[in-house]
Amino acid sequence: MAHKYNESSLKELTDLNHIVHRPSAYIPDTDYLGRQTIAREIIDNASDEMELLGSGIMDVFLFLNRRKKDYQVVVRDTGRSIPVGKLIDVFSKTKISGKFDQDSYQFSAGSLGYGSSVTLALSKWFRAIALNQDVIGDVTLHRDKIPTSIDTISNQLGHTGTIVMFSPDDDILTGNEEYINNLGNLEQFLSHLSLFSKFRTRLIVVEQPIPESIRQASSLQVIELSLIHISEPTRPY
């Protein structure tokens, strides 16, 4: 007997869960290429901000646990940052972007407006920190648990920027071992960015899982100092 088709048969998905249910609409594949894509979405956003700044260094950290074939990504830039009041929306909604406003960007690597939300949707853990001129916003997000408010403190650090941390969801994406074993592709991508940009990039590969002092720290100063300490020996491209 055929299933009865009526109003209850129609399902509405949130923006993020649509990405999970139909990932091929947003990324090339759910394998190694998909992992490349969700990392590059965050890197592209950071590079757009750095290009507007016109100088400086963008850091991309890769924390590896080769035994478990697992990794976490941290991207840190010193650009204008995301307006704190829109920090949640930028990552949790697929159709919100400063790149739809012609006055906000002279150039951008991407303009579709859903790149960073794809990264959130396909991650098992995601944290974003926005350092505006006067205030810092900090939020941890999950596709099934979007908070309605963020933690804010006064910015006493003397600079702006954005820090995005995430861990790809292995239940959705395959190819994690292939990604870890082919870091040369990421190095080449970052080197290419530096070649045609006003800023420089660093890839910092750390052979350990992301420390709790970075992942869970409530003090941004602790996070900043930890990242600076890790990146000091690494020369930019």
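Remember, predicted model here, so these are calculated numbers, not experimental data. Counting restarts for each chain: residues are numbered from 1 in the order of the written sequence. At least 70 in pLDDT is required for a residue's local features to be given in this predicted model, at least 80 for side-chain atom pairs to be given and counted, and no such filter applies to totals for whole chains, interfaces and linings, which use all residues. Excluding hydrogens and water, the side-chain values take into account all heavy atoms of the structure.

### Looking at the overall build of the protein chain
Stage number 1. A count of helices and strands for the protein chain gives eight helices and seven strands.
Stage number 2. Across the 237 residues of the protein chain, 48% fall into the buried class.
Stage number 3. Here the contacts in the protein chain between residues at least 6 apart in sequence split such that 72% fall between residues at least 24 apart.
Stage number 4. Total accessible area on the protein chain is roughly 12,500 Å²; 49% of this is exposed by carbon and sulfur atoms.
Stage number 5. Residues counted as positive are Lys and Arg, residues counted as negative are Asp and Glu, and His and the chain ends are not counted. In plain terms, the charge of a residue is placed at NZ if it is Lys, CZ if Arg, CG if Asp and CD if Glu. Distance from the positive charge centre (24 side chains) to the negative charge centre (30 side chains) of the protein chain: 3 Å. What counts as a helix is a DSSP run of H or I of at least four residues, what counts as a strand is a run of E of at least two, and both are numbered from the N terminus. Only protein chains enter the area calculation, which uses a 1.4 Å probe; residues under 20% of their type maximum are buried, those over 50% are exposed, and those in between are partly exposed. Two residues form a contact once any of their heavy atoms are found within 4.5 Å. Residue burial considers only the protein chains on display, and all accessible areas are found by Shrake-Rupley using a 1.4 Å probe.

### Let's talk about the environment of Thr 140
Stage number 1. Along the chain, Thr 140 turns up in strand E4 (residues 135–141).
Stage number 2. For the pair Thr 140 and Gln 216, spaced 76 residues apart in the sequence, the C-alpha separation amounts to 9.7 Å.

### Some thoughts on unusual backbone geometry
Stage number 1. If you check the backbone angles, Lys 69 has positive phi at about 55° while not being a glycine.
Stage number 2. Accessibility expressed as a relative area gives 34% for Lys 69, which makes it partly exposed.
Stage number 3. Look at Ser 81: it is not a glycine, yet its phi comes out positive at around 85°.
Stage number 4. Along the chain, Ser 81 turns up in the loop between strand E2 (70–77) and helix H3 (87–92).

### Structural notes on the packing of helix H2 (residues 32–53) against helix H6 (residues 183–195)
Stage number 1. Axes, fitted as lines to C-alpha atoms, cover a helix only where it is in contact. Angles between the N-to-C directions of the axes lie from 0 to 180 degrees. For the pair H2 and H6, the least separation of the axes is 12 Å and the interaxial angle reads 25°. One element, H2, and the other, H6, form an angle in the roughly parallel class. At the point where H2 passes H6, the crossing takes the right-handed sense. The residues of H6 that touch H2, namely those facing Tyr 32, Gln 36, Arg 40, Ile 43, Asp 44 and Ser 47, are Asn 185, Leu 186, Phe 189, Leu 190 and Leu 193. Put simply, angles under 35 degrees are roughly parallel, angles over 145 are roughly antiparallel, angles from 65 to 115 are roughly perpendicular, and the rest are oblique. Here a crossing is called left-handed whenever its near helix is offset anticlockwise from the far helix by less than a right angle, and right-handed whenever the offset is clockwise.

### Considering the pairing of E2
As a general feature of sheets, a regular strand has side chains that alternate between the two faces.
Stage number 1. Taken across its eight residues, E2 has eight buried, putting it largely inside the fold.
Stage number 2. Every second residue of E2 is oriented toward a common face, with Asp 70, Gln 72, Val 74 and Arg 76 on one face and Tyr 71, Val 73, Val 75 and Asp 77 on the other, all of them buried.
Stage number 3. Two strands qualify as a pair provided DSSP detects at least 2 bridges between them. Bridge count between strand E1 (residues 57–65) and E2: seven bridges; the pairing is antiparallel. Residue pairing for E2: Asp 59 is matched across the bridge by Arg 76.
Stage number 4. The antiparallel pairing of E1 with E2 creates a hairpin that spans four residues between the two strands, and Lys 69 there sits at a positive phi of about 55°.
Stage number 5. Bridging between E2 and strand E6 (residues 161–168) involves five bridges; their strand directions are antiparallel. Looking across to E6, one finds that Arg 76 is bridged to Ile 163.

### Section: the packing of aromatic side chains
Stage number 1. Think of it this way: a Phe, Tyr or Trp ring, Trp meaning its six-membered ring, pairs with another when their centres are within 6.5 Å, and the plane angle makes it stacked under 30 degrees, edge-to-face over 60, tilted otherwise. Under the definition given, this model contains five aromatic pairs.
Stage number 2. For the ring pair Tyr 32 and Tyr 179, a centre distance of 6.1 Å and an interplane angle of 55° mean the geometry is tilted. Of this pair, Tyr 32 sits in helix H2 while Tyr 179 sits in helix H5 (residues 176–181), and the two are 147 residues apart along the sequence.
Stage number 3. Clustering of aromatic rings is evident, with ring pairs tying together Tyr 32, Tyr 71 and Tyr 179.
Stage number 4. The criterion is that NZ of a Lys, or CZ of an Arg, lies within 6 Å of the ring centre and within 35 degrees of the ring normal, and then a charge sits over that ring. One cation-aromatic arrangement involves Arg 40 over Phe 189; the distance from NZ or CZ to the ring centre is 4.3 Å.
Stage number 5. Geometry around Trp 125 places Arg 215 over its ring, the cationic atom sitting 4.3 Å from the centre.

### Focus on the pairing of E6
Stage number 1. The element E6 is largely enclosed, with a buried count of eight among its eight residues.
Stage number 2. Side-chain alternation along E6 places Gly 161, Ile 163, Met 165 and Ser 167 on one buried face and Thr 162, Val 164, Phe 166 and Pro 168 on a second face that is also buried.
Stage number 3. Of the strand pairs in this sheet, strand E3 (residues 123–131) and E6 are connected by eight bridges, and their pairing is antiparallel. What sits directly across from Ile 129, in E6, is Ile 163.

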